[in-house]
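Summary of the model geometry
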Amino acid sequence: IMALVINDRVKVTSTTTGTGAFALGAAATGFEAFTAIGNNNTTYYTIFHQGTTEWEVGLGTLDATSANLTRTTVISSSNSDAAVNFTGGTKDVFCTLPASKAVYLDADGVPVGAASNGFAVAMAIAL
């Protein structure tokens, strides 16, 4: 069963070009590979083309070996929030939590975010 997994310190490099799935390289020094997310799972990702203005944040799906990341849904990007046609060069690919998906408490303790009303109800029930 495919699950949404978010993990800390998952970062690799890739030289994939175009708008399709990304072949994921080895983990960057001090980081883990996408195998930490788990085969066939989904995760939020960022792709940043080093030394350029090309970037993309989205929801991606790993293949059966976690060697490739399909860019399932683009959330935001340097291409007007559409899939970026990445050019040649090295890209950093890492696990992230997009701001638009976060639910948190503001400085006054008020829930903020996409599901903040449900969060407030859940917290009230939990208390």
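Located above this text is the structure these notes cover.
Attention here is on the structure that accompanies the text.

Criteria and thresholds
Residues numbered from 1 in each chain as written. Predicted model: local features only at pLDDT ≥ 70, side-chain atom pairs only at ≥ 80, totals over all residues. Heavy atoms only, no water. Helix = DSSP H or I, 4+ residues; strand = E, 2+ residues; numbered from the N terminus. Buried < 20%, exposed > 50% of the residue type's maximum accessible area, 1.4 Å probe, protein only. Contact = heavy atoms within 4.5 Å. Areas by Shrake-Rupley, 256 points an atom, 1.4 Å probe, with all protein chains shown as cover. Phe/Tyr/Trp six-rings, centres within 6.5 Å; stacked < 30°, edge-to-face > 60°. Lys NZ or Arg CZ within 6 Å of the ring centre and 35° of its normal. Polar contact = N/O pair within 3.5 Å; in protein donor to acceptor, adjacent residues only side chain to side chain.

Remarks on the overall build of the protein chain
When helices and strands are tallied, the protein chain shows 1 helix and 8 strands. When the helices and strands of the protein chain are listed from N to C terminus, the series reads β-β-β-β-β-β-β-β-α. Relative to its full complement of 127 residues, the protein chain shows a buried share of 31%. Restricting to contacts in the protein chain with at least 6 residues of sequence separation, those with at least 24 account for 57%. Looking at the protein chain as shown, the accessible area adds up to about 6900 Å², and 56% of this sits on carbon and sulfur atoms.

A closer look at the packing of aromatic side chains
Evaluation of the coordinates by the stated rule reveals 1 aromatic pair. Between F22 and F86, the aromatic rings sit 5.4 Å apart at their centres with planes inclined by 85 degrees, giving edge-to-face as the arrangement. Residue F22 is located in strand β2 (residues 22–23), and its partner F86 is located in the loop between β5 (68–77) and β6 (91–95); the two are separated by 64 residues in the primary sequence. Across the pair, exposure class does not vary: F22 and F86 are buried alike. Over the aromatic face of F31 sits the side chain of R9, whose NZ or CZ is 4.2 Å from the ring centroid. The ring centre of F31 lies 5.2 Å from the NZ or CZ of K11, which sits over that ring.

Brief notes about the side chain of S66
Residue position: S66 is located in the loop between β4 (55–62) and β5. Residue classification places S66 among the buried positions, given a relative accessible area of 6%. There is a polar contact of 2.6 Å between the side chain of S66 and the side chain of N39. When neighbours within four sequence positions are excluded, S66 is seen to be in contact with L24, F34, T35, G38 and N39.

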